[in-house]
Amino acid sequence: LNHSEIPPFTIEDNTDGGDEIRMKYRYLDLRRTLVRKNLELRHRMAHLVRNYLDSERFMEVETPVLIKSTPEGARDFVVPSRMNQGQFYALPQSPQTFKQLLMVAGFDRYYQIVKCFRDEDLRADRQPEFTQIDCEMSFVERDDVLNIFEGMIRHLFKELRGIDIPELPRMSWQDAMEYYGCDKPDIRFDMRFVNLSDIAKNKEFAVFNDSEYIGAICAPGCAAYTRKQLDELTEFVKRPQVGAKGLVYVKYNEDGTLKSSVDKFYDENDLKAWATACNAKPGDLMLVLCGPKNKTLAQLCDLRLEMGERLGLRDKNVFKPLWVVDFPLLEWDEETQRFYAMHHPFTSPNPEDIDMMESNPGAVRANAYDMVINGVEVGGGSIRIHDTELQQRMFRCLGFTPEQADKQFGFLLNAFKYGAPPHGGIAFGFDRLVSMFAGLDSIRDTIAFPKNNSGRDVMIDSPSEISEEQFKELGIGLTR
């Protein structure tokens, strides 16, 4: 029916086309069966989500794409207004304020599979435009939200992967940081951190004595690691991306003896106390890092994930979801010397902690929750503030003057005056969910026409310059 030139790469599962050329000719890449299957999975998942939420009496409502820029959160993409020269719209980072307004309006169960935009540096699981399953419910508490959306995730696993997911465990943010070094723990395998600070100090080893925190993981069956393998692990933790100064190891040999890289400072009884604390068995290997606590926890997290990878414990066909709850409400930024909302400024504080908002804001827990699957945060949300006075207290904690709060969020505060119901919600990263179900490391192949790591669409050559005439129409001074 039509003539075709020879394609620039083979349109087969194992193509000879690199990323750049496949993205330039994405319409040809989409002919490949592997890529098409990802888009079919995306279609089916969207269909199942809509049917599930419809059965739970949710209503899909579209919210605006041209909205107001706010300084909190990630960077906005801005759009100049020709009719209101010198003023700009922003593209939504999420429909957060609009879905809260829908709760004031009496739409008690809202959802939307919606495009969101963030002008952030990119990586494998991040694009400048991405899709969320965005949801909100009125007259709910935390458990109501968790139960509904745990049900949705279990439904998706059953229908799309044929897997029965048991009830999701719940872990506090504090425990996640203490035992896994991050707020999105991969619980497909154990290797929880053990704090050895109390039992490893006060010997002649100055490195430990001078450290705020000494933490260990126990790698099962690795006592037979060679010197070369241990040197590789040491080099891994010394990489700039990890940043540790060194690694201490203890081999718990099959014959019950213990051999370590610090034998000069610790005898057999000392090392046995470490093994007991780590619940180590003959044949296991203990790996120990030390330093400032928060920094060392992050380094141990990298080491734990690396060991999980080396031992084949991070199987993409095994799924271990959980809820992480009780996040801090606020986080302190040293550079600007102020608190920022860990999620967003509409997150409700834990009712037990409200009295500390002024006296000890850093200790206040949020009534917030994330769903984590295999070390990836796939969704997050919170119970919202629905009281004008409490919302104003939150803005004060964030350093807003009443005038600043009114200028940026006056429309929401005014809406609350007309009887906002208690409400809460959640948003899932739709692209991330699809890539996880497809067994992919990157979200790019779950999107029909993605951007590259520089935020460019090489197929249509976007972003691009605009004409001088367009600059004049928009009332913007020429930048070139």
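Worth saying up front: this structure is predicted, and the values here are computed from it rather than measured. (Residues numbered from 1 in each chain as written. Predicted model: local features only at pLDDT ≥ 70, side-chain atom pairs only at ≥ 80, totals over all residues. Heavy atoms only, no water.)

A. Layout of the environment of Ile11. If you trace the backbone, Ile11 turns up in the segment before α1 (19–24). Exposure remark for Ile11: the relative accessible area of 30% places this residue in the partly exposed category. Residues Ile11 and Leu28 lie 17 residues apart in sequence; the distance between their C-alpha atoms is 7.3 Å. With sequence-adjacent residues up to four places away left out, Ile11 is seen in contact with Leu28, Arg31 and Arg32. (Helix = DSSP H or I, 4+ residues; strand = E, 2+ residues; numbered from the N terminus. Buried < 20%, exposed > 50% of the residue type's maximum accessible area, 1.4 Å probe, protein only. Contact = heavy atoms within 4.5 Å.)

B. Spatial organisation of the sheet that holds strand β4 (residues 109–117). With mixed pairing, the 8 strands of this open sheet are ordered in space as β1-β4-β5-β17-β16-β15-β12-β6. Looking at strand neighbours, the two that pair on one side only are β1 (59–60) and β6 (170–172), the edges of this open sheet. For strand β15 (residues 368–373) and strand β16 (residues 376–383), the ladder comprises 6 bridges, and the chain directions are antiparallel. Its bridge partner being in β16, Val372 is matched across the sheet by Glu377. Against the sheet, helix α6 (residues 173–180) touches β6 and β12 (321–325), its axis set at about 80 degrees to β6. (Pairing = 2+ DSSP bridges. Axes fitted to C-alpha atoms, helices over the stretch in contact; angles between N-to-C directions.)

C. Spatial organisation of the pattern of salt bridges. Applying the stated criterion across every chain, the model contains 35 salt bridges. The shortest N-O distance in the salt bridge between Glu129 and Lys451 comes to 2.7 Å. On the criterion of sequence distance, the pair formed by Glu129 in strand β5 (residues 129–138) and Lys451 in the loop between α14 (430–438) and α15 (468–474) is long-range, its members being 322 residues apart. Its relative accessible area of 25% is what places Glu129 among the partly exposed residues. Measuring nitrogen to oxygen at the nearest pair gives 3.0 Å for the salt bridge that ties Asp441 to Lys316. Of this pair, Asp441 sits in the loop between α14 and α15 while Lys316 sits in the loop between α11 (293–310) and β12, and the two are 125 residues apart along the sequence. Look at the salt bridges and you will find they share partners, linking Asp19, Arg22, Arg26, Asp29, Arg32, Arg444 and Asp445 into a network. (Salt bridge = Lys/Arg side-chain N within 4 Å of Asp/Glu carboxyl O.)

D. Spotlight on the layout of surface pockets. Of the volumes computed, that of the second largest pocket is approximately 630 Å³. Lining the second largest pocket are 22 residues, and of these Phe77, Val78, Pro80, Pro463 and Ser464 lie nearest its centre. A per-element tally of the lining of the second largest pocket places strand β2 (residues 78–80) first, with 3 residues. Here the lining of the second largest pocket is built from residues that sort into 12 nonpolar, 5 polar and 5 charged. (1 Å grid on protein atoms, 1.4 Å probe; cavity = no way out; pocket = protein on both sides within 12 Å on 5 of 7 lines; lining within 4 Å. Points joined across faces, edges and corners; volume = space filled by probe spheres on them. Nonpolar A, V, L, I, M, F, W, Y, C, P; charged D, E, K, R; others polar.)

E. Region of the structure containing empty space enclosed by the protein. Tallying each qualifying case throughout the model produces 1 cavity of 30 Å³ or more. One number sums up the size of the largest cavity: a volume of about 30 Å³. Lining the largest cavity, in full, are Met23, Arg26, Phe449, Pro450, Asp457 and Met459. Its residues placed into classes, the lining of the largest cavity shows 4 nonpolar, no polar and 2 charged.

F. Seen up close, the sheet that holds strand β9 (residues 248–252). If you trace the 5 strands from one edge of the open sheet to the other, you get β7-β8-β11-β9-β10, paired in antiparallel fashion. Looking at which strands have only one partner, the edges of the open sheet turn out to be β7 (194–195) and β10 (258–260). Pairing between strand β8 (residues 213–219) and strand β11 (residues 285–291): 7 bridges, direction antiparallel. Paired with Ala216 across the strands is Val288, a residue of β11. Where helix α10 (residues 268–277) meets the sheet, it contacts β7, β9, β10 and β11, and its direction lies at approximately 95 degrees from that of β10.

G. Spotlight on the side chain of Asp431. Among the secondary structure elements, Asp431 is positioned in helix α14. By relative accessible area, which is 3% here, Asp431 ends up buried. At a separation of 2.8 Å, a polar atom in the side chain of Asp431 contacts the main-chain amide nitrogen of Thr131. In this structure, Asp431 is in contact with Arg42, Phe130, Thr131, Ile443, Thr446 and Ile447, ignoring residues within four places of it in sequence. (Polar contact = N/O pair within 3.5 Å; in protein donor to acceptor, adjacent residues only side chain to side chain.)

H. Up close: helix α3 (residues 33–55). Given a rise of 1.5 Å per residue, 23 residues ought to cover 33 Å, and the 33 Å separating the end C-alpha atoms of α3 matches this to within 8%. Val35, Asn38, Leu41, Arg42, Met45, Ala46, Leu48, Val49, Tyr52 and Leu53 are the residues of α3 that are buried. Where the residues of α3 are buried, they touch α2 (26–29), β4, β5, α5 (142–161) and α14. Immediately beyond the C-terminal end of α3, within one or two residues, lies Arg57, with a positive phi of roughly 70 degrees. (Expected span 1.5 Å × (residues − 1).)

I. Up close: the packing of helix α12 (residues 388–397) against helix α13 (residues 402–416). The interhelical angle for the contact between α12 and α13, taken along N-to-C directions, is 160 degrees, at an axis separation of 10 Å. Comparing their axes, α13 and α12 come out roughly antiparallel. Considering the relative orientation of α12 and α13, their crossing is right-handed. For the pair α12 and α13, contact is made by Thr388, Gln391 and Phe395 and by Ala405, Phe409, Leu413 and Phe416, respectively. Class assignment for the residues of the contact of α12 with α13 results in 5 nonpolar, 2 polar and no charged. (Parallel < 35°, antiparallel > 145°, perpendicular 65-115°, else oblique. Left-handed = near helix turned anticlockwise from the far one by under 90°.)

J. Spatial organisation of the pairing of β16. By the criterion of burial, β16 is predominantly enclosed, with 6 of the 8 residues buried. The loop that links β15 with its antiparallel partner β16 comprises 2 residues; one of these, Asn374, has a positive phi angle of about 55 degrees.

K. Up close: unusual backbone geometry. The omega torsion across Ser462 and Pro463 is 5 degrees, close enough to zero to call that bond cis. Here Pro463 lies in the loop between α14 and α15. Unlike most non-glycine residues, Phe139 shows phi in positive territory, near 55 degrees. With respect to the helices, strands and loops of the structure, Phe139 is situated in the loop between β5 and α5. A positive phi is found at Asn202, a non-glycine position, where the angle reads about 65 degrees.

All quantities given are derived from atomic positions and should not be read as evidence of function.
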